[in-house]
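Summary of the model geometry
Spelled out, the chains give:
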Amino acid sequence: MDPQMFVDQASAAGIPAPHWFIQFFKVLGFTLHSVPMNLWYAGVILAMIFYGRNNPHGRRFATRLMRQMPVIIAFGVNFGIVPLLFVQLAYFKVFYPATILMAWFWMAIVALLIPAYYGVYIYAMGLRDEGPPLSGTRRLIGWCSAVCFIAIGFLFANGFSLMANVEAWGHLWRATSVGGAPLGFALNVADPSLWPRWLMMFGLALTTTAAWSLVDAAWFARHESEEYRRWVPGFAVKVYTTGLVWFALMGSWYVFGTWSERVRETMLGGNLAALTFTTGAIIGLPWLVILATRNAMPSRITATLIGLLQFVVLAINATSRQIVQLLELRPALDVMAQPVDVKWSPLLLFLAVFVAGLGVIGWMVAQVVFSRVESP
């Protein structure tokens, strides 16, 4: 069945921003969102595991990360507004049908996020008020939050993979509709690309958590013991290596097991071959720096370099994923061919608010770094 049958092909009002502007801020916004998102996606469950172990340094890492987590989640949720805004702006013809098919699951993201966020607050308050060891109830709440965040990641992966899997809409609609009205219970679990994409994201989240542990030890943990700060690099090597191997295995499954022949030929040939190779190889750069400095106490220069390299890793992965998404959608919708009718007033307002928001966040982080009082 022709995928274009499921997408409105009628001419619509022009998109109110240039295509390059939309794609740039969609990728940039997702990259900024990915940093804190990775920390709650993999970091919370790592913190739950290490808090329950007998290693005092592992418990200290878990305590520090979970006390920071309410702020991390706040940053991540707000940064997530930017890519979601541009998805709805340029991809509305496929975004809304996909999320209508899985409407109850899509709304469940909010239903899961609220208790997960409250759970993190309850856990962090327990660390502040009770200190270790935490009560069993608070630890159970922490585990529930970790499970909720992983479930949220699974539902997001469903939504955005279904957005590009237009060919499956007909079957899902027939299987989950009554009298032609979709019931909103569809999930994209039959799509072979869903599983490696979801699992690959968790591998990236592990590497980001490892990089953050070094940034935290160098910039925010100056009042911690020297033994703890010497322990962190070895911990970071183990977690980053695990994430790197996980990412490599899931990425290979995703590329060679689920890409269509058309996408594979485009991404592995011509000018895009270099980008594809870089996407797979760039994750090794932070790992090499972490490995080379594992026996030394983390310095601010080294930790900053690792943090910047990890940001580049996430940005390049977001760029590659953006291009693959455009290729997957092209049989049903050529996003870049849609008419444009630039509206400069909202664009300039967005830029002003975006820059101001980044400035405020930078100022907040600077206050923590240069304050005499240790960050939470």
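Residues numbered from 1 in each chain as written. Predicted model: local features only at pLDDT ≥ 70, side-chain atom pairs only at ≥ 80, totals over all residues. Heavy atoms only, no water.

1. Details of the overall build of the chain
Each helix and strand counted, the chain has 14 helices and two strands in total. Taken over the C-alpha trace, the chain has a radius of gyration of 22 Å; the compact-globule value for 376 residues is 21 Å, and the two agree within 12%. Taken across its 376 residues, the chain has 48% of its residues classed as buried. Summing over all exposed atoms, the chain offers an accessible surface of approximately 17,700 Å²; the carbon and sulfur share of this is 70%. (Helix = DSSP H or I, 4+ residues; strand = E, 2+ residues; numbered from the N terminus. Rg over C-alpha atoms; globule rule 2.2 N^0.38 Å. Buried < 20%, exposed > 50% of the residue type's maximum accessible area, 1.4 Å probe, protein only. Areas by Shrake-Rupley, 256 points an atom, 1.4 Å probe, with all protein chains shown as cover.)

2. Overview of the nonpolar core
Formed by 106 residues in total, the largest nonpolar core has its most connected members in Tyr 91 and Val 94. Formed by five residues, the second largest nonpolar core is a distinct cluster that contains Val 215, Ala 218, Ala 303 and Val 369. (Core = buried A, V, L, I, M, F, W, Y, C linked by side-chain atoms within 4.5 Å.)

3. Observations regarding the pattern of salt bridges
One pass over the full model with this rule turns up six salt bridges. Between Lys 343 and Asp 341 there is a salt bridge, with the nearest N and O atoms lying 3.1 Å from each other. Relative accessible area serves as the criterion here: at 40%, Lys 343 is assigned to the partly exposed category. On the accessibility criterion, Asp 341 (37% relative accessible area) is partly exposed. If you follow the salt bridges from partner to partner, you end up with Arg 60, Arg 64, Asp 216 and Glu 224 in one network. (Salt bridge = Lys/Arg side-chain N within 4 Å of Asp/Glu carboxyl O.)

4. Quick notes on the environment of Thr 137
Here Thr 137 shows up in helix α6 (residues 136-164). Separated by 109 residues in the primary sequence, Thr 137 and Trp 246 have C-alpha atoms spaced 32 Å apart.

5. Structural notes on helix α3 (residues 56-90)
Helix length check: α3, at 35 residues, gives a terminal C-alpha distance of 49 Å against a target of 51 Å (1.5 Å per residue), a fit within 8%. Of all the bends found along α3, the most pronounced is centred on Met 69 and spans about 50 degrees, while Pro 70, a proline, follows it within four residues. Of the residues flanking the start of α3, the one acting as N-cap is Asn 55, its side-chain oxygen 2.8 Å from the backbone nitrogen of His 57. (Expected span 1.5 Å × (residues − 1). Bend = angle between axes of the 7 residues up to and from the residue. Polar contact = N/O pair within 3.5 Å; in protein donor to acceptor, adjacent residues only side chain to side chain.)

6. Remarks on the packing of aromatic side chains
Both the distance between ring centres and the angle between the ring planes are used here to describe each pair of aromatic rings. Inspection of the entire model under this criterion finds 32 aromatic pairs. Ring geometry for Tyr 41 and Phe 202: centres 5.5 Å apart, planes at 75 degrees, overall edge-to-face. Here Tyr 41, found in helix α1 (residues 19-41), pairs with Phe 202, found in helix α8 (residues 194-219); they are 161 residues apart in sequence, far enough to count as distant. By relative accessible area, which is 14% here, Phe 202 ends up buried. Aromatic pair Phe 95 and Tyr 96: ring centres 5.2 Å apart, planes at 75 degrees, arrangement edge-to-face. Feature note: the residues Trp 20, Phe 21, Phe 24, Phe 25, Phe 86, Phe 350 and Phe 354 constitute an aromatic cluster, connected by ring pairs. Sitting above the plane of the Tyr 91 ring, Lys 26 keeps its charged end 5.0 Å from the centroid. Taking the ring centre of Tyr 51 as reference, the NZ or CZ of Arg 59 above it sits at 4.5 Å. (Phe/Tyr/Trp six-rings, centres within 6.5 Å; stacked < 30°, edge-to-face > 60°. Lys NZ or Arg CZ within 6 Å of the ring centre and 35° of its normal.)

7. What about α8?
With 26 residues, α8 extends 37 Å from end C-alpha to end C-alpha; this agrees with the ideal 38 Å at 1.5 Å per step. Among the 26 residues of α8, 21 are classified as buried, and the element is accordingly described as predominantly covered.

8. Side note on the confidence of the model for the chain
Averaged over every residue, the pLDDT of the chain is 91; residues scoring 70 or more account for 95%. Confidence, read as mean pLDDT per element, is least for helix α14 (residues 344-370) in the chain (89) and greatest for helix α12 (residues 284-292) (97). Low pLDDT (under 50) marks residues 372-376, which in the prediction has 13 contacts with non-local residues, meaning those over four places away or in another chain. (pLDDT = per-residue confidence, 0-100. Contact = heavy atoms within 4.5 Å.)

9. Some points on a nonpolar patch on the surface
A grouping of Trp 104, Met 107, Val 178, Leu 183 and Phe 185 is seen on the molecular surface, where their side chains present a nonpolar patch of about 540 Å² in accessible area. Tracing the chain through its elements places Leu 183 in the loop between β2 (181-182) and α8. (Patch = residues over 30% accessible without salt bridge, like charges linked within 9 Å, V, L, I, M, F, W, Y side chains within 5 Å.)

10. Some remarks on the packing of α3 against helix α9 (residues 226-258)
Relative orientation of the contacting elements α3 and α9 amounts to 85 degrees, with a least axis distance of 10 Å. Considering the angle they form, α3 stands roughly perpendicular to α9. Two secondary-structure elements touch here, α3 through His 57, Gly 58, Arg 60, Phe 61 and Arg 64 and α9 through Glu 227, Tyr 228, Trp 231 and Phe 235. Its residues assigned to classes, the contact of α3 with α9 shows four nonpolar, two polar and three charged. (Axes fitted to C-alpha atoms, helices over the stretch in contact; angles between N-to-C directions. Parallel < 35°, antiparallel > 145°, perpendicular 65-115°, else oblique. Nonpolar A, V, L, I, M, F, W, Y, C, P; charged D, E, K, R; others polar.)

11. Here we look at the packing of α3 against α8
Axis separation between α3 and α8 bottoms out at 12 Å; the angle between their running directions is 95 degrees. Between α3 and α8, the angle falls in the class roughly perpendicular. Contact with α3, carried on its side by Phe 61, Arg 64, Leu 65 and Gln 68, involves Thr 209, Trp 212, Ser 213 and Asp 216 of α8 and no other residues of that element. A per-class count over the contact of α3 with α8 returns three nonpolar, three polar and two charged.

12. Let's talk about the side chain of Thr 31
Looking at the element boundaries, Thr 31 is found in helix α1. The class for Thr 31 is buried, based on a relative accessible area of 1%. If we ignore the near neighbours within four places in the chain, the residues touching Thr 31 are Phe 311, Leu 314, Ala 315 and Ala 318.

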